[in-house]
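These are the residues of each chain, in order.
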Amino acid sequence: MTTVQSLDRAIELLRLISSEHKSGARLSNLVAASGLAQPTVHRLLKQLVEGGLVMQDAQRRYRLGHFAYELGLVASTHFNLRDQCAPFLARISAETGDTAFLVVRSGADSFCLDRQSGSFPIQVLTVEVGKRRPLGIGGGGLALLSFMPPSELPDVLDRIEPQLAAYGGLTRQVLLGLIQTARAQGYASITNYAVAGVTSIGVPIRDRGGVVIGAISVSAMTARMQPREGLVVQTLQREIAGLQKGL
């Protein structure tokens, strides 16, 4: 195994552990999710523990370690997208009355950086802050997938395809159709996949060079969202346009 391969695999293990940080990740789950042999996973985990990036608790479950926390604190002083987006996210949730999410890409996953609930009595809280899901799941994840550089799309689809069926029977072919529609209309919309009876709409956030650096989505019960889709899209696009001026 080359050094680059080892690094790639260690990074993937860190992503998997971070997705189960609250409960802790079992070795067997990490082996199954990574597709790696158990001795390889065990060796990489040992190195990550020694480096402080991972720790093992009393139940022998793996969690992010103290050095991962230190790196996060340092990175947060430069990567302040959450703070920059907070007032815009709040206005979106206030105006639509529904839950708004801020997500960014993390490899082949989307990662929820922030969430704001609206005033409507029934809120759709499809993903918690700090959670990750395969790209393409939810309005924000679909926006990130749809508007990424086309050259990267086949590899990402290969990586996420084994996980798609767990989200309402989603398939690669269906996802490709959703991507095509999103590119044509300038925003992503997905219904039933991830959560039955829920529609999520996502719009990408671009930096000054036009590169997608995140996405904001709004989720609501489909019966509520469908007649209001135009309003939600208009609100998202207006607020994200204002956000992008300050990036």
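Okay, so let's go over this structure.

The rules behind the values
Residues numbered from 1 in each chain as written. Predicted model: local features only at pLDDT ≥ 70, side-chain atom pairs only at ≥ 80, totals over all residues. Heavy atoms only, no water. Axes fitted to C-alpha atoms, helices over the stretch in contact; angles between N-to-C directions. Helix = DSSP H or I, 4+ residues; strand = E, 2+ residues; numbered from the N terminus. Parallel < 35°, antiparallel > 145°, perpendicular 65-115°, else oblique. Left-handed = near helix turned anticlockwise from the far one by under 90°. Contact = heavy atoms within 4.5 Å. Salt bridge = Lys/Arg side-chain N within 4 Å of Asp/Glu carboxyl O. Buried < 20%, exposed > 50% of the residue type's maximum accessible area, 1.4 Å probe, protein only.

The geometry of helix H5 (residues 81–96) relative to helix H10 (residues 229–245) is characterised by a closest axis approach of 10 Å and an angle of 160° between their N-to-C directions. With respect to each other, H5 and H10 are oriented roughly antiparallel. Viewed along their axes, H5 and H10 form a crossing whose handedness is right-handed. Contacts between H5 and H10 pair Gln84, Cys85, Phe88, Arg91, Ile92, Glu95 and Thr96 from the former with Leu231, Val232, Thr235, Leu236, Arg238, Glu239, Gly242 and Leu243 from the latter.

Side-chain pairing between opposite charges can occur once the charged atoms of the two side chains come close. Counted according to the given criterion, the structure contains 14 salt bridges. Between Arg82 and Asp114 there is a salt bridge; the shortest N-O distance is 3.5 Å. Taken as a pair, Arg82 in helix H5 and Asp114 in strand E4 (residues 109–116) lie far apart in primary sequence, 32 residues in all. Classification of Arg82 as partly exposed rests on a relative accessible area of 40%. Asp114 sits in the buried class, given a relative accessible area of 7%. A salt bridge links Asp98 to Arg228, with the shortest nitrogen-to-oxygen separation between them at 3.0 Å. Note that Asp98 is positioned in the loop between H5 and strand E3 (99–106) and Arg228 in the loop between helix H9 (222–225) and H10, a separation of 130 residues in sequence. Grouping residues by exposure puts Asp98 and Arg228 together as buried. One connected set of salt bridges, linked through shared partners, spans Arg91, Glu95, Arg238 and Glu239.

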